[in-house]
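Here is how the chains run, residue by residue.
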Amino acid sequence: MIREINVNEVTECIKEMCIEANHFLSNDMDLKMREAVKEEESIVGKQILNQLQDNLKIAGEEMIPICQDTGMAVIFMEIGQNVHFIEGDLNEAINEGVRLGYQQGYLRKSVVKDPIERENTKDNTPAIIHYEIVSGDKVKITVEPKGFGSENMSRIFMLKPSDGIEGVKAAVITAVKDAGPNACPPMVIGVGIGGTFEKCALLAKKALVKDITKHSDIAYVKQLEIDLLREINQLGIGPGGLGGKMTALAVNVETYPTHIAGLPVAVNICCHVNRHIVKHI
Amino acid sequence: MDRQLKSPLSEKDVMDLRAGDYVYITGIIYTARDAAHKRMFEALENGEELPFDVKNNIIYYMGPSPEREGKVIGSAGPTTSSRMDKYTPSLLDLGLKGMIGKGKRNDSVKDAVVRNGAVYFAAVGGAGALLSKKIIKSTVIAYDDLGTEAIRELEVKEFPVIVVMDSLGNNLYENVVG
Ligand code: SF4
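All figures in this text were calculated on a predicted structure; none of them were measured in a lab.

## A word on the overall build of chain A
A count of helices and strands for chain A gives eight helices and 10 strands. A compact globule built from 281 residues should have a C-alpha radius of gyration of about 19 Å, and chain A, at 19 Å, falls within 12% of that. In terms of its C-alpha atoms, chain A occupies a principal-axis envelope of roughly 55 × 50 × 40 Å. For chain A, buried positions account for 55% of its 281 residues.

## Remarks on the interface of chain A and chain B
Every contact between the two is made by 38 residues of chain A and, on the other side, 37 residues of chain B. Both faces combined, the contact of chain A with chain B buries some 3000 Å², and carbon together with sulfur accounts for 58% of it. For E62(A), the salt bridge is made with K71(B), and the minimal N-O distance between the two is 2.7 Å. The interface formed by chain A and chain B includes 18 residue pairs in polar contact (both at pLDDT 80 or more).

## What about the site of the ligand?
The environment of the ligand is made up of C67(A), Q68(A), D69(A), G147(A), G149(A), S150(A), C184(A), C271(A), V273(A), R275(A), K102(B) and G126(B). Residue neighbours of the ligand fall on chains A and B, so the site bridges chains. The cavity that encloses the ligand is the largest pocket. Residues of the shell around the ligand, tallied by class, amount to four nonpolar, five polar and three charged. Both of domain 1 (3-22 + 66-146) and domain 2 (149-274) of chain A provide at least three residues apiece to the shell around the ligand.

## Topic: the UniProt feature "domain: Fe-S hydro-lyase tartrate dehydratase beta-type catalytic" (unreviewed entry) in chain B
Taking the UniProt record as the reference, the feature "domain: Fe-S hydro-lyase tartrate dehydratase beta-type catalytic" (unreviewed entry) is found at residues 5-175 of chain B. Span residues 5-175 of chain B is 25% helix and 27% strand, its end C-alpha atoms 24 Å apart.

## Quick notes on empty space enclosed by the protein
Considering all chains together, one arrives at two cavities of 30 Å³ or more under this definition. Of the volumes computed, that of the largest cavity is approximately 190 Å³. Taken together, 21 residues line the largest cavity, and the ones lying closest to its centre are I48(A), L242(A), A123(B), V124(B) and I162(B). Secondary-structure elements contributing two or more residues to the lining of the largest cavity are α3 (43-62) of chain A together with β2 (22-31) and β7 (151-165) of chain B.

Cut-off values and rules
Residues numbered from 1 in each chain as written. Chains lettered and ligands numbered in written order. Predicted model: local features only at pLDDT ≥ 70, side-chain atom pairs only at ≥ 80, totals over all residues. Heavy atoms only, no water. Helix = DSSP H or I, 4+ residues; strand = E, 2+ residues; numbered from the N terminus. Rg over C-alpha atoms; globule rule 2.2 N^0.38 Å. Buried < 20%, exposed > 50% of the residue type's maximum accessible area, 1.4 Å probe, protein only. Contact = heavy atoms within 4.5 Å. Buried area = accessible area lost by both parts, 1.4 Å probe. Salt bridge = Lys/Arg side-chain N within 4 Å of Asp/Glu carboxyl O. Polar contact = N/O pair within 3.5 Å; in protein donor to acceptor, adjacent residues only side chain to side chain. Near = heavy atom within 4 Å. 1 Å grid on protein atoms, 1.4 Å probe; cavity = no way out; pocket = protein on both sides within 12 Å on 5 of 7 lines; lining within 4 Å. Sits in = over half its atoms within 2 Å of the grid points. Nonpolar A, V, L, I, M, F, W, Y, C, P; charged D, E, K, R; others polar. Domains from an automatic or database assignment. UniProt positions renumbered as here; feature names shortened; annotations may be inferred. Points joined across faces, edges and corners; volume = space filled by probe spheres on them.

Shown next, in the form of structure tokens:
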């Protein structure tokens, strides 16, 4: 059975999601931010984490974005193969949702039309859209307004198979150390392992939008997430990069089959404003 | 140590600041980020005047979100300073005394800070809603066409920052991560 969905419904959804994500943290992020205050041992670190709690409160109550960098809108569309979009062009409907959300939500327009000429598009479009066709007749939309202070510190490493899991760990630690205060710690770290050059980057991005209170179902990956978080939180970078325990809130890892000759690893770094929000149509 | 500081800055005030001090700034500061720095740099290369006199002033690396009705400014936290490193030493040599941003600086900025007796502060990244409450007036004074990247004159009251790099070249981040 084909299910018809009007693209206006997609526009409306994405508009609301852009506004909501920029003013309210998702439950998983909110929980980890609160826990971080209790877990932090340094005085400066605690002070900064408390300021960030105040910041979240003001953001929600007064509808001021949590951070002025309201990001480039990254959108994941998981579309059931029995869905038929009607009444317009889907790409355009998604971008219209971003356009309206950023205008009506008083969000910052941070996108330039050309990477070299750098003229602002003034409506935060285009969005970065990732489509995936899945079975069924539902649509799952994930909106991730991604800040660039942390995006700029992200890295890809084309490791050798012989580098193994120790190589992966070293790569992640290197990226986090280099990011330091630039990425607005406490950070959330998305790691993609396997696939090809572009696939591992996408895996790392997807890892960032996963629930950060949950671990991977794969035993060794779960252990890797736990070990990496422990090691990162021994680096001493701390909140704001001013020293402390809470350098990262979570490490999420996604894996995929790869070539006999390769071990690609991508580290997508996000800050404590790791915005992600999901809706189903 | 907690300190109150007036901006524009005086030579003596800056000399007294030490990496790690908590400072609350009251007075006038100016915003400029990537695109505004590029334009100011080009103006200098062409022998033109800068849109404001940088002497003894503070530049805040910040591009706000738009303000809702009745508000002075939208979310207003710091952006990553290192992207301005290419342009900063020339501004410091012209008398710029302070910068507010977040993150590491390169050695040529550090040298220029020491050479000119200046200071680099960090504000808490990602606390834009909180910091917006410390800004009591905001006026675009140049490069209006750059939108969020225009140069704004801000009046701030007890704007909270931490000294990262002082006039002696001490660097708080280096002490932290080693
Ligand atoms: S890295 Fe995150 S918290 Fe920091 S300025 Fe960018 S979006 Fe805001």
